[in-house]
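In case you want the letters, here they are:
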Amino acid sequence: MTGDLGGYDCHRDHGPYAGVAAFLSRIAADRPRLASRHQVELHAIAPRIDPTARPAAEEEPIRFHPARRTAYLAYGVTEFVAAWAGTLRHPVTVRFDHVDNADETTRELLDALTRHCPEPLRLDLRDGGSEPATADQTPETIRTALGDSLARGFYHHAARTARRGRATVTPDGDLRHWWAFTTGLATALAALERATEALDLYHEARAATDDPKITMSAAYATAMLYARHLPAADQDPAQARRWLEQALHLAAGLPDPRQRVLSTVFYEQGLALLDSRAGEPARALRLIDDGLARLAAVLAPGERPQDLARLRHNRAQVHLALGDPAQALADLDTVIAHDPDNCEYYVDRAALHRAAGRNQAAIRDYDTAIRLGPHLPEAYYNRAVLQQERGRPGRAREDLDRVLAIDPGHVDARIALVNLHLERGARDAAETAARAGLALAPQEPALLCTLGLVRSERGSLAEAEDLLTRALAGDPKLVEAWTNRAAVRFDRGDVAAAVTDLDHAVALSAAPVPRYNRGTALMRLGRWDEAARDFDHALAQPGLDRALRRDLRAELARCRRALAG
């Protein structure tokens, strides 16, 4: 494949990933083995690559993806295109038209490709182009497009499509389609963190109709906005409960007994969520157990496995809240058996394995989660932490680098990477990584603390003290910052200020190091009795490092000699 690959029309009227999906399909056909390693993200972006795959909108039930998923897909596809570009023997130019009118998914992916793709691939991004053909769309075709965008997690396109649909119908003339477009728009807006606008749409729906099914659905959706999606200051559990009770009241009047059970059980999961958050996990557990029993009575064997999996997943969280990790694990095992392609469940089970010390089982679950939902930053990050704990810093560093390539704003990964560099003595790399993190999060206490430590080790004591003071302003409970600033003040000759800092550290932590450091500073001030008490207390702590135990004994002996005169 050489030369000019021609042009691709990215106009948003052609849908999410317009233009880039056709380009990806072309190179996937050219390199099928390479494409097979990126199957999940390629199918999400260009589903026609696999004509046998089931459309997202036909899944039962539909999965609703987080809005940030498109950024993860863009990262994976960029890896695919970069690997393909690496096989080219001659320069290749790809032209994309109507970039100025492209959907957000397309622009996000083109931005990622522009930043990361190597020579000899050249992207020719152009605004404008031949005008896209306009087709007369019926409410039915608009509704189909809306359902597809929601199911695939392309919420900007879904919102535009829903608005276009609402402009074609009225609640008086076509209530069914008007409601589909209205609730679809509300769903998209909530996913895009615009839940207040979604709330207004449900109020509009209640003003427009008293249809019991619509008002029932609107009541449940309103409850979830108050429970989950509104800004934290506007969330209101009492309001959420009132709307859930209204939804349940309306569900009780459904004429179909089976649908009555399904709707009631589904809405009661909202009550279970509120009960669990309110510190009533036992009440939440009763609701979930009762719901599972009622579903078993109306569902045929093998029917709606994902719905059953969600209830058991909810129950696993409640068992955790009740302090029963074994039962939570049993539920998650069943959940995964019912819905083995949901990466979220593997991440949750991995956390349970890790808490129980089953690190290998946890890593296997993180591996599976990454395979099913490529480029999940949290899965890579958690696997990195485990690799570090297992003494595999190289693998941990690879995972942390991957997290930051996918999500440069992942602060915890930056902190972990800086600490890894410090542990191997790579101060330059540690300082570079810390400064890169602070460029994104200038007041992040842990990064300020670590950079302060690096600068102190390099002799820049005044700068180090300023950094550590800023860290403590952001997090007065950060023990490491108190300890590190005390060391800096000690080295600068302000021993009394160092003792004051270590008083804070000791009040916050029972760890032996702050007491050892305070004892050392107290010795410098001639306060031998207080120093001896710190060393004695530190020596009584279990699991002391051998070298630290030796140093504590030596300093304690020195104190006793001084006290003996």
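Draft legend 1. Molecular detail of the overall build of the protein. A count of helices and strands for the protein gives 28 helices and 3 strands. For the protein, the spread of C-alpha atoms along the three principal axes comes to 100 × 65 × 40 Å. Classification of the 565 residues of the protein by burial places 48% in the buried group. Considering only contacts within the protein whose residues lie at least 6 apart along the sequence, 61% involve residues at least 24 apart.

Draft legend 2. Representation of the state of the cysteines within the structure. Per the stated rule, a full pass over the model turns up 0 disulfides. Residue Cys 10 stays outside any disulfide, its sulfur separated by 14 Å from that of Cys 117, the closest cysteine. Classification of Cys 10 by relative accessible area gives buried; the value is 0%.

Draft legend 3. Structural context of the environment of His 116. With respect to the helices, strands and loops of the structure, His 116 is situated in helix H5 (residues 104-116). On the accessibility criterion, His 116 (47% relative accessible area) is partly exposed. Sequence separation of His 116 and Glu 79 is 37 residues, and the distance between their C-alpha atoms is 8.4 Å.

Draft legend 4. Fine view of the pairing of strand E2 (residues 92-97). Pairing of E2 with strand E3 (residues 121-125), which is carried by 5 bridges, proceeds in the parallel orientation. Considered in E3, the bridge of Phe 96 is made with Leu 125. Crossover E2 to E3 through H5 is right-handed.

Draft legend 5. Geometry of unusual backbone geometry. Omega for the peptide link from Glu 119 to Pro 120 comes to 10 degrees, which places this bond in the cis form. In this structure, Pro 120 sits in the loop between H5 and E3. Of note, the phi angle at Glu 193 is positive, near 65 degrees, even though the residue is not glycine. With respect to the helices, strands and loops of the structure, Glu 193 is situated in the loop between helix H8 (175-191) and helix H9 (195-208). Here the phi dihedral of Arg 304 falls at roughly 50 degrees; this positive angle occurs in a residue that is not glycine. When you line up the elements, Arg 304 lands in the loop between helix H13 (281-298) and helix H14 (305-321). By relative accessible area, Arg 304 is classed as partly exposed at 36%.

Draft legend 6. Representation of the packing of helix H6 (residues 139-152) against helix H7 (residues 155-166) within the structure. Axis separation between H6 and H7 bottoms out at 8 Å; the angle between their running directions is 160 degrees. Classified by the angle their axes make, H6 and H7 are roughly antiparallel. For the pair H6 and H7, the crossing hand works out as left-handed. Across from Ile 142, Ala 145, Leu 146, Ser 149 and Leu 150 in H6, the residues of H7 making contact are Tyr 155, His 157, Ala 158, Thr 161, Ala 162 and Gly 165. Residue classes in the contact of H6 with H7 are distributed as 7 nonpolar, 4 polar and no charged.

Draft legend 7. Geometry of helix H22 (residues 445-457). Between its first and last C-alpha atoms H22 spans 18 Å; for 13 residues at 1.5 Å apiece the expected length is 18 Å, and the two agree. Here H22 lies mainly inside the structure; 11 of its 13 residues are buried. At its buried positions, H22 is contacted by helix H20 (411-423), helix H21 (427-440), helix H23 (461-474) and helix H24 (479-491). Put simply, Glu 444 is the residue that caps the front of H22, since its side-chain oxygen is 3.3 Å from the backbone nitrogen of Ala 446.

Draft legend 8. View of the packing of helix H25 (residues 495-508) against helix H26 (residues 512-524). Taken N-terminus to C-terminus, the directions of H25 and H26 make an angle of 155 degrees; their axes are 9 Å apart at the nearest point. What the angle tells us is that H25 and H26 run roughly antiparallel. The way H25 lies across H26 gives a crossing that is left-handed. Between H25 and H26, the contacting residues are Val 495, Val 499, Leu 502, Asp 503, Ala 505 and Val 506 on the first element and Pro 514, Arg 515, Asn 517, Arg 518, Ala 521, Leu 522 and Arg 524 on the second.

Draft legend 9. Highlighting the packing of aromatic side chains. For the structure on display, the rule yields 10 aromatic pairs. Look at Phe 23 and Trp 84: their rings are 5.9 Å apart centre to centre, the planes differ by 80 degrees, and that puts the pair in the edge-to-face class. You can see Phe 23 sitting in helix H1 (residues 20-30) and its partner Trp 84 sitting in helix H4 (residues 69-85), a full 61 residues away along the chain. One exposure class covers both Phe 23 and Trp 84, and it is buried. When the ring of Tyr 220 is compared with that of Tyr 267, the centres are 4.9 Å apart and the planes differ by 25 degrees; the resulting orientation is stacked. Highlighted residues: Tyr 220 in helix H10 (residues 212-229) and Tyr 267 in helix H12 (residues 257-277), separated in sequence by 47 residues. Here a set of aromatic residues connected by ring pairs shows up, and it is made of Tyr 8, Phe 23, Trp 84 and Phe 96.

Draft legend 10. Representation of the nonpolar core. Trp 179, Tyr 202, Leu 225, Leu 244, Tyr 267 and Leu 295 are the most contacted members of the largest nonpolar core, which totals 59 residues. Considering every element that reaches this core, the biggest residue donor is H10, with 11 residues. When residues no more than four places from it in sequence are discounted, the contact partners of Trp 179 are Gly 184, Tyr 202, Ala 205, Ile 214, Ser 217 and Ala 218. If you look at the next biggest cluster of nonpolar residues, it comprises 36 residues, including Phe 23, Val 81, Trp 84 and Cys 117.

Draft legend 11. Spotlight on the pattern of salt bridges. Applying the stated rule across the entire model yields 42 salt bridges. Where Glu 555 meets Arg 558, a salt bridge forms, and the shortest distance between an N and an O atom there is 3.6 Å. With Glu 555 and Arg 558 both in helix H28 (residues 546-564) and 3 residues apart, the pair spans about one turn of that helix. We classify Glu 555 as buried; its relative accessible area is 18%.

Draft legend 12. Region of interest: helix H19 (residues 393-406). The first and last C-alpha atoms of H19 sit 20 Å apart over 14 residues, in line with the 20 Å expected at 1.5 Å per residue. Considered for burial, the residues of H19 that qualify are Ala 396, Asp 399, Leu 400, Val 403, Leu 404 and Ile 406. What you see down the axis of H19 is that its buried residues fit within an arc of 160 degrees, all on one side. Where H19 is buried, its residues contact H4, helix H18 (377-389) and H20.

Draft legend 13. Representation of the environment of Ala 227 within the structure. Counting through the fold element by element, Ala 227 comes out in helix H10. Residues Ala 227 and Ala 446, 219 residues apart in the sequence, show an inter-C-alpha distance of 31 Å. Contact partners of Ala 227, with chain neighbours within four places excluded, come to Gln 235, Ala 240, Leu 274 and Arg 277.

Draft legend 14. Main features of the side chain of Thr 222. With respect to the helices and strands, Thr 222 occurs in helix H10. In this structure the side chain of Thr 222 is engaged in a polar contact, spanning 2.7 Å, whose partner is the backbone oxygen of Ala 218. Setting aside its immediate chain neighbours within four residues, Thr 222 contacts Leu 199, Tyr 202, Arg 206 and Trp 243.

Reading the values: the criteria
- Residues numbered from 1 in each chain as written.
- Predicted model: local features only at pLDDT ≥ 70, side-chain atom pairs only at ≥ 80, totals over all residues.
- Heavy atoms only, no water.
- Helix = DSSP H or I, 4+ residues; strand = E, 2+ residues; numbered from the N terminus.
- Buried < 20%, exposed > 50% of the residue type's maximum accessible area, 1.4 Å probe, protein only.
- Contact = heavy atoms within 4.5 Å.
- Disulfide = S-S within 2.5 Å.
- Pairing = 2+ DSSP bridges.
- Right-handed = clockwise from strand over helix to strand, strands pointing away.
- Axes fitted to C-alpha atoms, helices over the stretch in contact; angles between N-to-C directions.
- Parallel < 35°, antiparallel > 145°, perpendicular 65-115°, else oblique.
- Left-handed = near helix turned anticlockwise from the far one by under 90°.
- Nonpolar A, V, L, I, M, F, W, Y, C, P; charged D, E, K, R; others polar.
- Expected span 1.5 Å × (residues − 1).
- Polar contact = N/O pair within 3.5 Å; in protein donor to acceptor, adjacent residues only side chain to side chain.
- Phe/Tyr/Trp six-rings, centres within 6.5 Å; stacked < 30°, edge-to-face > 60°.
- Core = buried A, V, L, I, M, F, W, Y, C linked by side-chain atoms within 4.5 Å.
- Salt bridge = Lys/Arg side-chain N within 4 Å of Asp/Glu carboxyl O.
- Arc of directions from axis to C-beta.

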